[in-house]
Amino acid sequence: MYIIVGLGNPGREYQNTRHNIGFDVIDALADRNHIVMGEKKHKAVIGKGFVAGQKAVLVKPQTYMNLSGESVRDVIDFYKIDEKEELIVVSDDISLDVGQIRIRKKGSAGGHNGLKNIIQHLGHDEFQRVKMGVGEKPQGRDLADYVLGHFSKEERSIMDESAGRAAEAIEVMITEGPDKAMNLFNKKI
């Protein structure tokens, strides 16, 4: 069984922001695999079904980004999965160009507070992740304002397509492993 977590913030004011691209990928994955996102438990909105032929729980934490680890820990404890093999976390990344995808098997939080909180709650950084490029913060602009800001119309179009590619990448991670997915999807677009 896989737990696939998309990071973001709850609430209408955060919809379609850079920080919520993890939620967008979960929505794309749910659409591709006919999974209904609607159950509220584990401090999250979840959907259960099959992704790439494997049982999966899709998770959108509702704790706000900086406390994402609370929800992730709750889901892992409930389903008793091996988080080093069966947890995939999707987050935004300002060090990647808009629409770029980078898959990793482990690593630091890289300054991302949601990932930092998950690492804190798990006690390690050995879980798979899909980083979604949202573009570098313009010089002189506040980081929080930037990641909580909305994409331009052109960027939104790129990110919608990228969310679909990320959903495909997650399916490859499940069926063929993270190394194969990295070879296919970790490239500049």
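Calculation notes
Residues numbered from 1 in each chain as written. Predicted model: local features only at pLDDT ≥ 70, side-chain atom pairs only at ≥ 80, totals over all residues. Heavy atoms only, no water. Helix = DSSP H or I, 4+ residues; strand = E, 2+ residues; numbered from the N terminus. Contact = heavy atoms within 4.5 Å. Axes fitted to C-alpha atoms, helices over the stretch in contact; angles between N-to-C directions. Left-handed = near helix turned anticlockwise from the far one by under 90°. Nonpolar A, V, L, I, M, F, W, Y, C, P; charged D, E, K, R; others polar. Expected span 1.5 Å × (residues − 1). Buried < 20%, exposed > 50% of the residue type's maximum accessible area, 1.4 Å probe, protein only. Core = buried A, V, L, I, M, F, W, Y, C linked by side-chain atoms within 4.5 Å. Pairing = 2+ DSSP bridges. Phe/Tyr/Trp six-rings, centres within 6.5 Å; stacked < 30°, edge-to-face > 60°. Arc of directions from axis to C-beta. 1 Å grid on protein atoms, 1.4 Å probe; cavity = no way out; pocket = protein on both sides within 12 Å on 5 of 7 lines; lining within 4 Å. Points joined across faces, edges and corners; volume = space filled by probe spheres on them.

A. Geometry of the side chain of Lys131. Mapped onto the elements, Lys131 comes out in strand 7 (residues 128-133). Ignoring sequence-local partners within four residues, the contact set of Lys131 consists of Ser91, Asp93, Leu96, Gln100, Ile101 and Arg102.

B. Here's a closer look at the packing of helix 6 (residues 153-176) against helix 7 (residues 178-185). Across the interface, helix 6 lies against helix 7 with an axial gap of 7 Å and an inter-helix angle of 145 degrees. Considering the relative orientation of helix 6 and helix 7, their crossing is right-handed. Across the interface between the two elements, Arg165, Glu168, Ala169, Val172, Met173 and Glu176 of helix 6 pack against Pro178, Lys180, Ala181, Leu184 and Phe185 of helix 7. Considered class by class, the residues forming the contact of helix 6 with helix 7 number seven nonpolar, no polar and four charged.

C. Region of the structure containing helix 1 (residues 21-32). With twelve residues, helix 1 ought to run about 16 Å at 1.5 Å a step, and its terminal C-alpha atoms sit 17 Å apart, in line with that. Among all positions of helix 1, only Ile21, Gly22, Phe23, Asp24, Val25, Ile26, Ala28, Leu29 and Ala30 are buried. Considering only its buried residues, helix 1 is in contact with strand 1 (2-6), strand 3 (44-51), strand 4 (54-61), strand 5 (87-93), strand 7 and helix 6.

D. Fine view of the nonpolar core. With 33 residues, the main nonpolar core has Ile4, Ile103, Val130, Met132 and Ile170 as its most contacted residues. Only strand 1, helix 1, strand 4, strand 5, strand 6 (101-104), strand 7, helix 6 and helix 7 provide two or more residues apiece to this core. Contact partners of Ile170, with chain neighbours within four places excluded, come to Ile4, Val25, Leu29, Ile88, Val90 and Val130. Within the second largest apolar cluster, 21 residues are counted, among which are Leu7, Val59, Ile76 and Leu122.

E. Structural view of the sheet that holds strand 2 (residues 39-41). Taken together, the seven strands give an open sheet; going across it, the order is 2-3-4-1-5-7-6, and neighbouring strands pair in mixed fashion. What marks the edges here is a single partner per strand, and that holds for strand 2 and strand 6. Within this sheet the neighbouring strands show an average axis-to-axis angle of 25 degrees, counted without direction. Both strand 2 and strand 3 contribute to a ladder of three bridges, which runs antiparallel.

F. Here's a closer look at the packing of aromatic side chains. The tally for this structure, following the rule as stated, stands at two aromatic pairs. Between Tyr14 and Tyr64, the ring centres sit 6.2 Å apart and the planes meet at 80 degrees, which makes this aromatic pair edge-to-face. One end of the pair, Tyr14, is in the loop between strand 1 and helix 1; the other, Tyr64, is in the loop between strand 4 and helix 2 (68-79), and 50 residues separate them in sequence. Taking relative accessible area as the criterion, Tyr64 reaches 41% and is therefore assigned partly exposed. Considering the side-chain rings of Phe78 and Tyr79, the 4.9 Å spacing of their centres and the 80 degrees angle between planes classify their relative orientation as edge-to-face. You can call Phe78 partly exposed: its relative accessible area is 48%.

G. Molecular detail of helix 7. Among all positions in helix 7, only Pro178, Ala181, Met182 and Phe185 are buried. Buried positions in helix 7, seen along its axis, are confined to an arc of 100 degrees and lie on one side of it. The inward-facing, buried residues of helix 7 abut strand 6, strand 7 and helix 6.

H. Examining the layout of surface pockets more closely. Space inside the largest pocket adds up to approximately 460 Å³. Looking at the largest pocket, it is lined by 22 residues, and the ones nearest its centre are His19, Gly111, His112, Asn113 and Leu143. Looking at the lining of the largest pocket, the elements with two or more residues in it are strand 5, helix 4 (113-122) and helix 5 (143-147). Within the lining of the largest pocket, the residues separate by chemical class into nine nonpolar, nine polar and four charged. Estimated volume of the second largest pocket: approximately 190 Å³. Asn9, Gln15, Asn20, Phe23 and Lys60 are the residues nearest the centre of the second largest pocket, which is lined by 13 residues in total. When residues of the lining of the second largest pocket are assigned to their parent elements, the largest contribution, three residues, is made by helix 1. Taken together, the residues that form the lining of the second largest pocket break down as three nonpolar, six polar and four charged.

Read these as layout, nothing more, since geometry by itself doesn't imply function.
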